[in-house]
Amino acid sequence: MKIRFSTTLKGCAIAVMLASAGSAAAATTLNALFMTQAAYSENDIRAMTQEFQKAHPDVQVNLEFVPYEALHDKIVAARGAGGNGYDVVLFDAIWPAEFTKFDLLQDVSSRIAADEKEKIFPGAMNTVVYNGKTLGMPWILDTKYLYYNKAMLEKAGITTPPQTWQQVIDDSRIIKQKNIVKYPLVWSWSQAEALVCDYTTLVSGFGGKFYNNGKLDFSSPASLQAVKLMKSSLDEGLSNPASREYLEEDVRKAFSNGDAAFALNWTYMYNMANDPKQSKVAGQVGIVPAPGDAPGKFGAVNGSMGLGIAKGSTHGDQAWQYISYMTSQPVQNKYATLSLPIWKSSYQDPAVLKNQESLIAAADKSLNVMLSRPETADYSRLSNTLQQQLQQVLVGSATPDAAMQTVDKSAARLR
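Because the structure is predicted, anything quoted here is derived from the model rather than measured.

Focus: the overall build of the chain
When helices and strands are counted, the chain shows 18 helices and 13 strands. Whereas a compact globule of 415 residues would reach a radius of gyration of roughly 22 Å, the chain reaches 24 Å, a difference of no more than 12%. By principal-axis analysis of the C-alpha atoms, the chain measures approximately 90 × 50 × 40 Å. A buried classification covers 54% of the 415 residues belonging to the chain. Taking the intrachain contacts of the chain between residues at least 6 apart in sequence as the baseline, contacts between residues at least 24 apart amount to 74%. Per element, the accessible surface of the chain, about 18,100 Å² overall, is 51% carbon and sulfur. Charge separation in the chain, taken as the distance between the mean sites of 39 positive and 39 negative side-chain charges, equals 3 Å.

Right, here's the structure in full:
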């Protein structure tokens, strides 16, 4: 039997088809920029995004991943693109001063309820606030921890993990003397922001800060103590000389391969180094807060990051829907193995605690003492100078005192 549509039915069918096509065309497309380094993995971010899109079928999210080192410049370069640029961007704790000066992100203060802020760790919230403006939602709450190989320490006759940096050096000497591993220490000291983060962790542990009477000061006793430890550990053969070219992933791989007894790295390394599919030392990974210069003192750098809405975005509401989902407590709890949640009550959740009790215990101490890198709109220039001078020390081309004096002179010229 052949069915014939009447003209009216045909018209209705066409109208429905056009309406459907119009509805599909009306779906909002967001462009989101993330990094491929530390914290959440690319696969995790894609999975989170797919889950968001299922709950919001009218929003499509295009993801772009770049190395951390390219993230800042990508955000800055896109500011002239207006509505054709990024809608959602991942930004570091060190950029709000600059981004506020050049008006690169939308102020979302009115989008976050006061009672919601109270549920978030202050250190995380401070990541996205500058001069009274809230530039996004904190997403990655992170600092660097001291990782150690339990089996290597036991083989060396060391019964407890080190509680001070001097003990780290002393234990490293024992491990090296007993030929347990050639270079007991590994760091991310490539001429990049990773180097500044390791240096900041040490400065914090030695009780230092970056400002003295309102002025930047890199020649403080704590700063010089940090730089001298870095250089002397290389001179003594305790730190792997390849650290001068390493980023965080290189550190993780070296430690996971059994090539180091100690490593300084972010949260994400804990579960990856304990994964037998990608680590030779799974089950032997210990973690403690980065130590200080006395037992009970700790050092930590604020390595947190936030998600913000680019100033030129014309899809602010949809972008905020996406950010709210990605930073929500249920999502953060689900993916807590690579980055710990920003939410205080998450740390009472058995699912978050499972198999990472040692990490949580270390975080409980470290997250309360995080030292922020200098807050200045010229941070990128300052950081580049600091990286260069630290590298000069590490390769033996400058003394710690001379290098830090050079950084001080450069800092004095900052606007």
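Structural notes on the packing of aromatic side chains
Inspection of every chain in the model, using the stated rule, returns 13 aromatic pairs. Measuring from centroid to centroid gives 5.7 Å for Phe52 and Tyr325, while their planes differ by 55°, and the two rings are tilted. Of the two residues, Phe52 sits in helix α2 (residues 42-55) while Tyr325 sits in helix α13 (residues 316-326), which places them 273 residues apart along the sequence. A residue is classified by how much of its surface remains accessible, and Phe52, at 0% relative accessible area, is buried. For Arg79, the ring lying beneath its charged end belongs to Phe102, and the centroid distance is 5.5 Å.

Concerning the pairing of strand β3 (residues 88-92)
On any regular strand, side chains alternate: one points to one face of the sheet, the next to the other face. With 5 of its 5 residues buried, β3 lies for the most part within the structure. Neither face of β3 is open: one carries Val88, Leu90 and Asp92, the other Val89 and Phe91, and all of them are buried. Both strand β1 (residues 28-35) and β3 contribute to a ladder of 2 bridges, which runs parallel. Considered in β3, the bridge of Leu33 is made with Val89.

What to know about unusual backbone geometry
Most peptide bonds take the trans configuration, and most residues that are not glycine carry a negative phi. Of note, the phi angle at Asn179 is positive, near 55°, even though the residue is not glycine. For Asn179, the position within the fold is in the loop between α8 (165-177) and β8 (185-186). Residue classification places Asn179 among the exposed positions, given a relative accessible area of 68%.

As for the sheet that holds strand β11 (residues 262-265)
Spatial strand order, β8-β11-β7-β12: 4 strands in an open sheet with mixed pairing. Among the strands making up the open sheet, the edge pair consists of β8 and β12 (285-289). Pairing of strand β7 (residues 145-149) with β12 involves 5 bridges; the strand directions are antiparallel. Bridged to Tyr147 within β12 is Ile287. Contacts from α8 reach β7, β8 and β11, with the element oriented near 140° to β11.

Looking at the sheet that holds strand β2 (residues 59-66)
Here 5 strands make up an open sheet; going across it, the order is β2-β1-β3-β13-β6 and the pairing mixed. Looking at which strands have only one partner, the edges of the open sheet turn out to be β2 and β6 (137-140). Each neighbouring strand pair of the sheet contributes to a mean axis angle of 30°, computed without reference to strand direction. Against the sheet, helix α3 (residues 68-77) contacts β1, β2, β3 and β13 (305-309), and its axis sits at roughly 135° relative to β1.

Overview of the packing of helix α10 (residues 221-235) against helix α18 (residues 400-412)
Contact geometry for α10 and α18: axes closest at 10 Å, N-to-C directions at 130°. Looking at the two axes, α10 sits oblique to α18. Pair α10 / α18 crosses with right-handed handedness. For the pair formed by α10 and α18, the contact residues are Ser223, Leu224, Val227 and Lys228 on the first element and Pro400, Asp401 and Met404 on the second. The class makeup of the residues in the contact of α10 with α18 is 4 nonpolar, 1 polar and 2 charged.

Points about the confidence of the model for the chain
For the chain, mean pLDDT is 91; residues scoring 70 or higher make up 93% of the total. Below a pLDDT of 50 lies the segment residues 1-26, which in the model reaches 1 contact outside its immediate sequence neighbourhood of four places, other chains included.

Remarks on the side chain of Ser223
Note on placement: Ser223 falls in helix α10. Assessed through its relative accessible area of 1%, Ser223 is described here as buried. Setting aside residues up to four positions removed in sequence, Ser223 forms contacts with Tyr199, Val203, Phe218 and Met404.

Thoughts on the nonpolar core
If you look at the biggest cluster of nonpolar residues, it comprises 128 residues, and the most contacted ones within it are Phe34, Trp139, Trp165, Tyr199, Phe218, Tyr322 and Met404. Top element by residues in this core is α10. It accounts for 7 residues. Beyond its immediate chain neighbours, meaning those up to four positions away, Tyr322 contacts Leu30, Ala32, Phe34, Thr49, Phe52, Val61, Leu63 and Val88. The next biggest cluster of nonpolar side chains, apart from the first, holds 7 residues, and it includes Tyr268, Met272, Val301 and Leu338.

Observations regarding the packing of helix α9 (residues 193-205) against α10
Packing of α9 against α10 leaves a shortest axis separation of 8 Å and a crossing angle of 120°. When the axes of α9 and α10 are compared, the pair comes out oblique. Considering how the two elements wind past one another, α9 and α10 form a crossing that is right-handed. Where α9 approaches α10, its residues Leu195, Tyr199, Leu202 and Val203 are matched on the opposing element by Ala222, Ser223, Ala226, Val227, Leu229 and Met230. Looking at the contact of α9 with α10, its residues break down into 9 nonpolar, 1 polar and no charged.

Thresholds applied
Residues numbered from 1 in each chain as written. Predicted model: local features only at pLDDT ≥ 70, side-chain atom pairs only at ≥ 80, totals over all residues. Heavy atoms only, no water. Helix = DSSP H or I, 4+ residues; strand = E, 2+ residues; numbered from the N terminus. Rg over C-alpha atoms; globule rule 2.2 N^0.38 Å. Buried < 20%, exposed > 50% of the residue type's maximum accessible area, 1.4 Å probe, protein only. Contact = heavy atoms within 4.5 Å. Areas by Shrake-Rupley, 256 points an atom, 1.4 Å probe, with all protein chains shown as cover. Lys, Arg positive; Asp, Glu negative; His and termini not counted. Charge placed at Lys NZ, Arg CZ, Asp CG, Glu CD. Phe/Tyr/Trp six-rings, centres within 6.5 Å; stacked < 30°, edge-to-face > 60°. Lys NZ or Arg CZ within 6 Å of the ring centre and 35° of its normal. Pairing = 2+ DSSP bridges. Axes fitted to C-alpha atoms, helices over the stretch in contact; angles between N-to-C directions. Parallel < 35°, antiparallel > 145°, perpendicular 65-115°, else oblique. Left-handed = near helix turned anticlockwise from the far one by under 90°. Nonpolar A, V, L, I, M, F, W, Y, C, P; charged D, E, K, R; others polar. pLDDT = per-residue confidence, 0-100. Core = buried A, V, L, I, M, F, W, Y, C linked by side-chain atoms within 4.5 Å.

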